[in-house]
Amino acid sequence: MINIENLTKYYGDLCAVDHVNFKIKKGEILGLLGPNGAGKTTIYRILTGYLSPTSGTIKVENDNINEHLMKIKKRIGYLPEEAPLYHEMLVYDYLDFVADLRGVNKINKNAHLHKLADLCSLNEVMHKTINELSKGYRQRVGIAHALMGNPEILVLDEPTAGLDPNQIAETREIIRRIGKEKTIVFSTHILSEAEATCDRVVIIDEGKIVADDTIDALRKELNEQSFEIIFRKLTKGN
Amino acid sequence: MENIKHIFKKEYKAYFVSPIAYIVISVFLIIVGWLFFSTFFLDRQASLTRLFTLLPITFAFIIPAVTMRLFSEEINIGSYELLHTLPVSNQEIIIGKFLAAVAFVGAMLAPTIVYAVSTAFLGDLDWGPVIGGYLGAIFLGAAFSAIGLMASSLTRNQVVAFIISMAICFSLTLMMDFVLFFLPNSIVGFFQYLSANYHFQNIAKGMVDSRDILYFLSVIFLALYGTGLILQEKK
């Protein structure tokens, strides 16, 4: 469904993503893993249209991101790391604004907002301003933002970063529930989470792909049971 | 078009949920009121000329305060990333934000209509220059808003955005007075044409000339186009 071809991104002289190629199948939950600064966020930002690639391209089905950006944006819901939101807005107003920009039908809008509020357990904070919310709630608003308009593809950049164990469990549960019918790309530093959720993992280090397979296949290939050790071996952590 | 409306609505509302709008409007009305009424009874003329004479210089530091947050704040907290990854184009974001700033300038000017009405009670007010003055004020406000928006897209620091746009707006306002003193007559005309104050005063006399309108439209277009290029460059 998503084809990433020879993707390269330079920030000045620094090469953040270096000729990356991989595919994401429809309905798959793909874990994009790697140490901090490996280039994961840059790939997400290119995929969601926030940044332009220096060279290479991304195709979603037959649409090239350089030519059909708007069409692709409509199909992708994005949760950036630490969900930066408009602090002064009410949660309801914010989600209403996102629904409008996502082109959610006016007749269905209220029902859709309530459905998302239920799914992300936001009902009790809908009329609070975003700066009053705890980190966990902000993250849930970010997830509701990503799910708005029911996009087919979800890109979640460290959706559980900085949350407490209860919030991590809740967020994971939301991802698990929505993951049944969507294509999901997500990253995490909690490797057990990747093991539990992903159909396949792509591991990148210093902008290059170092592994692209299922976790079981990687175990066999490297003859090692612990995914943490595999990860450290592949990303030069050892 | 729909997206422009949604961005406009959100931005316009955002002005009034923070105290900034009320502070800016109050400061504007106090300054303009004081400048206008301090000599109003001495002049003994039922005219708003003085209000419009001083408007460009007041706008040159009030409007940068109105526009400084439009992009800087978003870039700083990172919400621009969320906004930009929604199915909305750069042009729609820019125009929506620009129109919200112009609408805010309109809301800021609206209470000064009281001055016109009360002046009309005191004497025989010529409404031509008053209407011209307000029309010119909207064009001037729009041009300065576009410049402010461009400055705001340059930096994540609102204070820096404020200073850059104030410097440009002041230069455009004061250009006419400076060139008359320092430059030879042969090139004064050229610099006069670049001065926002010169075109504003023409309209404020009650004469709506297409050259003056064209000047403001050009400034607005160039500044908004520049904003688009700056945002594109950040990608």
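Rules and cut-offs
Residues numbered from 1 in each chain as written. Chains lettered and ligands numbered in written order. Predicted model: local features only at pLDDT ≥ 70, side-chain atom pairs only at ≥ 80, totals over all residues. Heavy atoms only, no water. Helix = DSSP H or I, 4+ residues; strand = E, 2+ residues; numbered from the N terminus. Rg over C-alpha atoms; globule rule 2.2 N^0.38 Å. Contact = heavy atoms within 4.5 Å. Areas by Shrake-Rupley, 256 points an atom, 1.4 Å probe, with all protein chains shown as cover. Core = buried A, V, L, I, M, F, W, Y, C linked by side-chain atoms within 4.5 Å. Buried < 20%, exposed > 50% of the residue type's maximum accessible area, 1.4 Å probe, protein only. Salt bridge = Lys/Arg side-chain N within 4 Å of Asp/Glu carboxyl O. Pairing = 2+ DSSP bridges. 1 Å grid on protein atoms, 1.4 Å probe; cavity = no way out; pocket = protein on both sides within 12 Å on 5 of 7 lines; lining within 4 Å. Points joined across faces, edges and corners; volume = space filled by probe spheres on them. Axes fitted to C-alpha atoms, helices over the stretch in contact; angles between N-to-C directions. Parallel < 35°, antiparallel > 145°, perpendicular 65-115°, else oblique. Left-handed = near helix turned anticlockwise from the far one by under 90°. Nonpolar A, V, L, I, M, F, W, Y, C, P; charged D, E, K, R; others polar. Buried area = accessible area lost by both parts, 1.4 Å probe. Polar contact = N/O pair within 3.5 Å; in protein donor to acceptor, adjacent residues only side chain to side chain.

**Some thoughts on the overall build of chain A**
Counting secondary structure elements, chain A contains nine helices and ten strands. Taking 18 Å as the expected radius of gyration for a compact globule of 238 residues, we find that chain A reaches 18 Å, a close match to that expectation. Across its three principal axes, chain A shows a C-alpha extent of roughly 50 × 40 × 35 Å. Contacts spanning at least 24 positions in sequence make up 67% of the contacts within chain A whose residues lie at least 6 apart. Of the roughly 10,600 Å² of accessible surface on chain A, 47% is carried by carbon and sulfur atoms.

**A closer look at the nonpolar core**
Within the largest apolar cluster, 146 residues are counted, with the highest numbers of intra-cluster contacts made by Tyr94, Leu95, Leu122 and Phe227 of chain A together with Phe59 of chain B. Looking at this core element by element, the count peaks at eleven residues for helix 9 (residues 127–154) of chain B. Tyr94 of chain A has contacts with Leu85, Tyr86, Met89, Ile130, Val141 and His145 of chain A together with Leu82 of chain B, leaving out every residue within four places of it along the chain.

**Comments concerning the pattern of salt bridges**
Two side chains of opposite charge can pair, provided their charged atoms sit close to one another. This structure, assessed with the given rule, holds 22 salt bridges over all chains. For Arg140 of chain A, the salt bridge goes to Glu170 of chain A, with nearest N and O atoms at 2.5 Å. Here the residue Arg140 of chain A occupies a position in helix 5 (residues 135–147), and Glu170 of chain A occupies one in helix 6 (residues 165–178), the gap between them amounting to 30 residues. Owing to a relative accessible area of 11%, Arg140 of chain A belongs among the buried residues under this scheme. Put simply, Lys10, Glu11, Arg69, Glu73, Glu74 and Lys97 of chain B are held in one network by salt bridges that share partners.

**What about the pairing of strand 8 (residues 183–187) of chain A?**
All names here are of chain A. Where burial is concerned, most of strand 8 is hidden: five out of the five residues are buried. Burial along strand 8 is two-sided: the face carrying Thr183, Val185 and Ser187 and the face carrying Ile184 and Phe186 are both buried. Taken together, the three bridges between strand 3 (residues 29–33) and strand 8 define a ladder with parallel strand orientation. Bridge pairing in strand 8 places Leu30 opposite Val185.

**Regarding the environment of Lys74 of chain A**
When you line up the elements, Lys74 of chain A lands in helix 2 (residues 69–75). Under the relative-accessibility criterion, Lys74 of chain A is labelled exposed at 54%. The spacing of Lys74 of chain A and Tyr92 of chain A is 18 residues in sequence and 21 Å in space, taken between C-alpha atoms. Contact partners of Lys74 of chain A, with chain neighbours within four places excluded, come to Arg102 and Pro151 of chain A together with Pro87 of chain B.

**Observations regarding the layout of surface pockets**
Each pocket or cavity is described by its volume, and for the largest pocket that value is around 330 Å³. Around the largest pocket, the lining is made up of 18 residues, and of these Asn90, Gln91, Ile94, Gly228 and Leu229 of chain B lie nearest the centre. Those elements giving two or more residues to the lining of the largest pocket turn out to be helix 2 of chain A together with helix 7 (90–109) and helix 13 (210–234) of chain B. For the lining of the largest pocket, the leading source of residues is helix 13 of chain B, giving seven residues.

**Examining the packing of helix 9 of chain B against helix 13 of chain B**
Residues and elements named next belong to chain B. At their nearest, the axes of helix 9 and helix 13 sit 9 Å apart, and the two run at 15° to each other. Comparing the axis directions of helix 9 and helix 13 gives the class roughly parallel. For helix 9 against helix 13, the interelement crossing comes out left-handed. Contact residues: Phe139, Leu140, Ala142, Ala143, Ala146, Ile147, Leu149, Met150, Ser153 and Leu154 in helix 9; Ile213, Phe216, Leu217, Val219, Ile220, Ala223, Leu224, Gly226, Thr227, Ile230, Leu231 and Lys234 in helix 13. Across the contact of helix 9 with helix 13, the residue classes break down as 18 nonpolar, three polar and one charged.

**Overview of the sheet that holds strand 8 of chain A**
Pairing between the strands of a sheet is mediated by backbone hydrogen bonds and can be parallel or antiparallel. Residues and elements named next belong to chain A. The strand order across the open sheet formed by six strands is 6-7-8-3-9-10, and the pairing between neighbours is mixed. The sheet terminates laterally at strand 6 (76–79) and strand 10 (208–213), the two strands that pair on one side only. Averaged over all pairs of adjacent strands, the angle between their axes in this sheet comes to 15°, without regard to strand direction. In terms of strand pairing, strand 7 (residues 153–157) meets strand 8 through five bridges, oriented parallel. Counted as the bridge partner of Asp157 is Ser187 from strand 8. Contacting strand 6 and strand 7, helix 5 runs over the sheet at an angle of about 165° to strand 6.

**Focus: the interface of chain A and chain B**
At the junction of the two partners, chain A supplies 27 residues and chain B supplies 26 residues. For the pair chain A and chain B, the summed buried surface comes to about 2,500 Å²; carbon and sulfur atoms form 63% of the total. Counting the surface chain A buries against chain B, the share from its top three residues, Tyr50, Tyr86 and Leu101 of chain A, is 28%. Run the count over chain A and chain B and you get two salt bridges. Summed over the shared surface of chain A and chain B, the number is six residue pairs in polar contact (both at pLDDT 80 or more). Elements supplying a minimum of two residues to the side of chain A that touches chain B: helix 2 and helix 3 (91–101) of chain A. A per-element tally of the side of chain A that touches chain B places helix 3 of chain A first, with six residues. When the residues that make up the side of chain A that touches chain B are grouped by side-chain class, the tally is 14 nonpolar, four polar and nine charged.

**A closer look at the environment of Gly136 of chain A**
All names here are of chain A. Turning to its location among the elements, Gly136 is positioned in helix 5. By relative accessible area, Gly136 is classed as buried at 4%. Note: C-alpha distance between Gly136 and Phe231 (95 residues apart in sequence) is 28 Å.

**Thoughts on empty space enclosed by the protein**
Residues and elements named next belong to chain B. Under the defined criterion, the tally for this structure stands at one cavity of 30 Å³ or more. As a volume, the largest cavity reaches approximately 40 Å³. For the largest cavity, the full set of lining residues is Val32, Leu35, Phe36, Arg50, Leu51, Leu54, Leu55 and Thr58. For the lining of the largest cavity, the secondary-structure elements that each account for two or more residues are helix 2 (20–37) and helix 4 (49–67). Split by residue class, the lining of the largest cavity holds six nonpolar, one polar and one charged.

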